[in-house]
Amino acid sequence: MEKNKIKLDYNNMMADVIGEKGFTDEDFKAVADRVDFAVSYFNQKQGTGFMGWTKLHYEQDAVVEDIIKTAEQVRAKFKNFVVLGIGGSALGPISVFQALCHLHHNEVTQTRRKGAPKFYVEDNVDPERMNALLTTIKLKETCFNVITKSGSTSETMTQYLVIKDALEKAGLNPQDHIITTTSANSGNLIKIAKADGYKTFYIPDGVGGRFSELCPVGLLPAAVLGIDIKAMLDGAKYMYEACVNADNANNMALTAATLQYIAINKGHNISVMLPYADGLKYIADWYCQLWGESLGKNQYMDGTPCNVGQTPVKALGVTDQHSQIQLYTEGPFDKVITFIAVDKYRKKVTIPQGCEEFPNVNFLCGHTMNELITAERKATEYAVTKAGKLNHTIYLPVLNEFTLGQLMMMFELKTAYCGFMLNIDPFNQPGVEEGKNATYALLGRPGYEEKAKELKAGTKKFKKYMM
Ligand code: PA5
C-alpha cells in the first residue's frame, strides 16, 4: 500500500526555501497550543455528533452490499442515471465521476463506458437546464437518484416534483424510476419515500452534506458507474488511520491544516486548489465547498462573534496558467496554492515528429503530453516559488479509487483540524440555512410567515442607487 500512498511536499511553504514570506520553526511553535487542542478535540469527538463521517469506512459493510446489488440492477435496466441534488449532495458524485470515468463518458458507447449508463447531475433549478435534460433523455430509460440529507431543500424537492410529474405524464410508475437517498429520521423526503414506496438509502446521522461522499450519497452513483467503491473506502480508511494513529509531525492532514492555519493568521486569506489533471477538475469544486462552508463562520465555539475563513478558489493546470497564474505569481501575498500532481497518468500520448523545419515547435516532437503537463506543473511551481509565493504539492502516484479515497479523506480531516484550530464549528452552515429559510418564506412555505415579514422589512431599495 505504501507505494500507492499520496504524499505532501511543503518545502515551498518554508522560509529557508522561499524566503521572507515562508514559515519558520517559530511560526509552528506559536500555534502549537492550537494544534494540540485540535488533535485532542478531534480524538475526543470522532465518531460522535457531526463527526459520524470518521466512521463511514468501518461501518457500512451491509449497505455497501445493498448498493452494489442495486447498482447492478440499475445498470442492467437503465440507459441514463440522473442525480438530483445540490451542494454536498451533488459535488461528491460529480467529482468522483469526473475522476474515475472516461472524460467523455456520455459520448462514448456503453461498451466503452464498461456497461455504465449515461450520467447526469442536476444541481441547479435553472428552468432551461431542466428543459434541456427532459429533451435529451428518454424517461423510460432513466433512473433518478433524489439525494437530500435534510429532505427539504427547495431545489432538490422541486426537481423531484418536476420529474415525478413528468414520469406520471409519460405513463410510467415513479416507483420504478426513483431511488431516494436521505436521512432516516428527519425531513420530508423520507415521508414521501415511504408513502410512495421508493427504494431508499439512508444518510447516517452525523454525516453532513459536504462530508457525505463516502456514504450512499456518493457510493450509489459511483457503483452505478462501475467504480470500485470498496477500494475508495479502503483508501479513505488507509488515510484516516495513517493520520489519526501518527504523531503530529507525521499526520499529513494535520500538517496541511497547520500550514493553512499559520497562513490565515498571516493574512493569506485565499486557498487556491490547482490540480494538474482534468480528472481532478471537480475535486477542486468539491474542496471549495468543503473548505468554504466549513470554515467561513461568524462565531467561535463559545458563541463569541468573529469573522473567520479562507476563500477557496478552484483552478486547473495547465488551463489556468493562461488565466490565473499571472495574478498568483505577481499579485498580492494573500494566497496559498495547493498543486495536485499525478505521477503516472493513465494514458500516454506521444507528440509526433514532423516539424523539423521549425525548431521552435520541433522541440516538442518526440516528447509525450505526459512530459509536457508535468514540465508545465514543475515550471509553474518554480515560477511561483521564485516569486516567494506560498505553495505546496500533493502527489498522487496514480489517479484511481484508492488514491481518490485517500485524497478526499485527507481533505476532510484537514478541514476538521483547521476548524478546531480556528476554534469554530466546521460542521454547521447557519449562513446556508438562512438563505434556505428566506427562500421558503418568499415562496410561502407554512411556518415561515415571520421570516417573510422580516424579508419584506429588510428589502428596502432606493431608486437613486439604480441605473
Ligand atoms: O454541506 C452541507 O450540508 C450543505 O451544503 C448541503 O449539502 C446542501 O445545502 C444540500 O442539503 P441537502 O442535502 O439537505 O439537500
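Residues numbered from 1 in each chain as written. Predicted model: local features only at pLDDT ≥ 70, side-chain atom pairs only at ≥ 80, totals over all residues. Heavy atoms only, no water.

A few words now on the nonpolar core. One recurring pattern in soluble globular proteins: nonpolar side chains tend to sit buried together. Counting residues in each nonpolar core, the largest one holds 99 residues, and the members touching the most others are F42, W53, L280, F411 and Y417. Element by element, the count of residues in this core is highest for helix α17 (residues 401-421), at 12 residues. The residues touching F42, leaving out its near neighbours within four places in the chain, are M51, W53, T54, Y240, V244, L413, A416, Y417 and F420. Grouped together as the second largest cluster of nonpolar side chains are 18 residues, V82, M130, M157 and A166 included. (Core = buried A, V, L, I, M, F, W, Y, C linked by side-chain atoms within 4.5 Å. Buried < 20%, exposed > 50% of the residue type's maximum accessible area, 1.4 Å probe, protein only. Helix = DSSP H or I, 4+ residues; strand = E, 2+ residues; numbered from the N terminus. Contact = heavy atoms within 4.5 Å.)

Let us now look at the packing of aromatic side chains. Per the counting criterion, the structure on display carries 17 aromatic pairs. Geometrically, the ring pair formed by F81 and F119 is stacked, given 6.2 Å between the ring centres and 5 degrees between the ring planes. Note that F81 is positioned in strand β2 (residues 80-84) and F119 in strand β3 (residues 118-122), a separation of 38 residues in sequence. Here the two residues F81 and F119 agree in accessibility, since each one is buried. (Phe/Tyr/Trp six-rings, centres within 6.5 Å; stacked < 30°, edge-to-face > 60°.)

Now for helix α12 (residues 252-265). Taking 1.5 Å per residue, 14 residues should reach 20 Å; α12 reaches 20 Å between its end C-alpha atoms and fits that length. Counting buried positions over the 14 residues of α12 gives 13, a clear majority of the element. Where α12 begins, one side-chain oxygen reaches toward the backbone nitrogen of A253, 3.2 Å away; that side chain belongs to N251. G267 sits one or two positions beyond α12 and adopts a positive phi of about 90 degrees. (Expected span 1.5 Å × (residues − 1). Polar contact = N/O pair within 3.5 Å; in protein donor to acceptor, adjacent residues only side chain to side chain.)

For the rest of this paragraph, the subject is the site of the ligand. Lining the immediate environment of the ligand, one finds 14 residues, of which S89, T148, T153, Q289 and E293 sit closest. One of the side-chain nitrogen or oxygen atoms of T148 is found 2.6 Å away from an oxygen atom of the ligand. Residue Q289 places a side-chain N or O atom 2.6 Å away from an oxygen atom belonging to the ligand. With the chains in place, 94% of the 390 Å² that the ligand exposes on its own is no longer accessible. For the shell around the ligand, the class distribution of residues is one nonpolar, nine polar and four charged. (Near = heavy atom within 4 Å. Areas by Shrake-Rupley, 256 points an atom, 1.4 Å probe, with all protein chains shown as cover. Nonpolar A, V, L, I, M, F, W, Y, C, P; charged D, E, K, R; others polar.)

Before going further, it helps to examine the pairing of strand β11 (residues 335-342). The buried count for β11 comes to eight of eight residues, which makes it a mostly enclosed element. Covered by surrounding structure in β11 are K335, I337, F339 and A341 together with V336, T338, I340 and V342, the residues of both alternating faces. Bridge analysis of strand β7 (residues 270-275) against β11 gives six bridges, and the strand direction is parallel. By the bridge assignment, S271 is partnered in β11 with V336. Here β11 runs beside strand β12 (residues 391-396); their pairing, made up of six bridges, is parallel. Note that in β12 the partner of I340 across the bridge is I394. (Pairing = 2+ DSSP bridges.)

Of the consecutive residues G317 and V318, the connecting peptide bond is found in the cis state with omega at 0 degrees. Topologically, V318 is positioned in the loop between β10 (311-314) and α14 (325-330). With a phi angle near 55 degrees, K114 is a residue other than glycine that sits in the positive phi range. Following the sequence through the fold, K114 ends up in the loop between α5 (91-100) and β3. With a phi angle near 70 degrees, N423 is a residue other than glycine that sits in the positive phi range.

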